[in-house]
Every structure is written in structure tokens, then in C-alpha cells.
Amino acid sequence: MPRQKVMRAGISLPGDLMKAIDDLARKKGYRSRSQAIGEAIRVLATEDQWESYEGEFYAVISFLYDHEIADTANRLIEAEHRHTGRIISTMHIHIDERNCLEISVVKGDRSVIEEVQRDIAAAKGVKILKVNTFKV
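What counts, and where the lines are drawn
Residues numbered from 1 in each chain as written. Predicted model: local features only at pLDDT ≥ 70, side-chain atom pairs only at ≥ 80, totals over all residues. Heavy atoms only, no water. Helix = DSSP H or I, 4+ residues; strand = E, 2+ residues; numbered from the N terminus. Rg over C-alpha atoms; globule rule 2.2 N^0.38 Å. Buried < 20%, exposed > 50% of the residue type's maximum accessible area, 1.4 Å probe, protein only. Contact = heavy atoms within 4.5 Å. Areas by Shrake-Rupley, 256 points an atom, 1.4 Å probe, with all protein chains shown as cover. Lys, Arg positive; Asp, Glu negative; His and termini not counted. Charge placed at Lys NZ, Arg CZ, Asp CG, Glu CD. Pairing = 2+ DSSP bridges. Axes fitted to C-alpha atoms, helices over the stretch in contact; angles between N-to-C directions. Salt bridge = Lys/Arg side-chain N within 4 Å of Asp/Glu carboxyl O. 1 Å grid on protein atoms, 1.4 Å probe; cavity = no way out; pocket = protein on both sides within 12 Å on 5 of 7 lines; lining within 4 Å. Points joined across faces, edges and corners; volume = space filled by probe spheres on them. Nonpolar A, V, L, I, M, F, W, Y, C, P; charged D, E, K, R; others polar.

With that out of the way, let us pick up the overall build of the chain. The helix and strand tally for the chain stands at 4 helices and 4 strands. In the chain, the succession of helices and strands from N to C terminus is α-α-β-α-β-β-α-β. Compactness check: the chain gives a C-alpha radius of gyration of 19 Å against a globular reference of 14 Å for 136 residues, more than 25% above the reference. Summarising its shape, the C-alpha atoms of the chain cover approximately 55 × 35 × 25 Å along the three principal directions. A buried classification covers 24% of the 136 residues belonging to the chain. Expressed as a percentage of contacts within the chain between residues at least 6 apart in sequence, the contacts between residues at least 24 apart total 68%. As presented, the chain carries roughly 9,800 Å² of accessible surface, and 53% of it is formed by carbon and sulfur atoms. Here the chain contributes 21 positive and 21 negative side-chain charges, whose respective centroids are spaced 9 Å apart.

Set out below in C-alpha cells:
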């Protein structure tokens, strides 16, 4: 992606928020306060696109589940097969004797991503599910 022209903007923030930005920039390894603020705005803009835009997104759906509960693993495999072509990649990690972490990449519009999310979340044994969306 070509680098965009950088433009200057002045902002006024309360001292505690400025301190939080500086702490975050240092903690996350950003080169500057501006870089940290730019990243925060990008995240906010992506969330806004997710709420209002009907185009194509990529989503990372990560979820932790107990594979020993009520045939959870088989239900999740069935859900993945129902969404063939939508789920474009999956990684499976064994956390311990009972728990597995699965990470699936989904491609589609908002309704497709929400449908896949609901289908996975409905499997008994899913403990935690998070979705991160990306507009390309």
C-alpha cells in the first residue's frame, strides 16, 4: 500500500488522557504520540465501518472451548463445514487436556460474519469468543 501524505492537526486533550496516550505509546512501542493516536483513530474508524458499511470484511474469530462437553468438537466441525467458502483458514491449538483454542478467518459482509459467529457461539462448550474485523 502506498504511503499517504502526512497532515498536521492540533488537538486539545485533558491531562489524564494525554498521560494515558503517552503511557500507551511507550508500552506498545509506538515511535510517537502521533502514531499511537493515529492507530486509535484507525481502530475507531474500522468499528464505524463495521457498524455502517455493507461491503466485504475479513474477520478473525477466536474462541476457547472445552472439547469434552456435549460433543462440542463435532458441533464446531459441522458449523465450519456449513460455512465452507466463508471460513478461509482455521488454526487449532490444544491448550490443555480439555481446552482448545481455535482461530478462524472469515471473509464476507457483515451478515456472513455475524452468522458464522452465532453458529460457533451456539455450540455448547464454547467459553469465550471474540471477533476482530478488518476492512481492506
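Structure shown, so let's carry the discussion forward.
Moving on, we get to the sheet that holds strand E3 (residues 99-108). Read from one edge of the open sheet, 4 strands run E2-E3-E1-E4, paired in antiparallel fashion. On the outer flanks of this sheet lie strand E2 (87-94) and strand E4 (126-134), each paired with one strand and no other. Going across the sheet, the axis of each strand differs from the next one's by a mean of 15 degrees, ignoring polarity. Where helix H3 (residues 72-82) meets the sheet, it contacts strand E1 (57-66), E2, E3 and E4, and its direction lies at approximately 165 degrees from that of E1. The strands touched by helix H4 (residues 110-121) are E1, E2, E3 and E4; relative to E1, the strand with the most contacts, the crossing angle is about 5 degrees.

The next thing to look at is the pattern of salt bridges. Under the counting rule described, the total for this entry stands at 9 salt bridges. One connected set of salt bridges, linked through shared partners, spans Lys 19, Asp 23 and Arg 26.

A few words on the layout of surface pockets. Roughly 1,100 Å³ of volume is contained in the largest pocket. Taken together, 23 residues line the largest pocket, and the ones lying closest to its centre are Val 6, Ser 34, Gln 35, Gly 38 and Arg 42. The element that contributes the greatest number of residues to the lining of the largest pocket is helix H2 (residues 33-52), accounting for 7 residues. Class assignment for the residues of the lining of the largest pocket results in 10 nonpolar, 6 polar and 7 charged. Computed from the structure, the second largest pocket encloses a volume of approximately 270 Å³.

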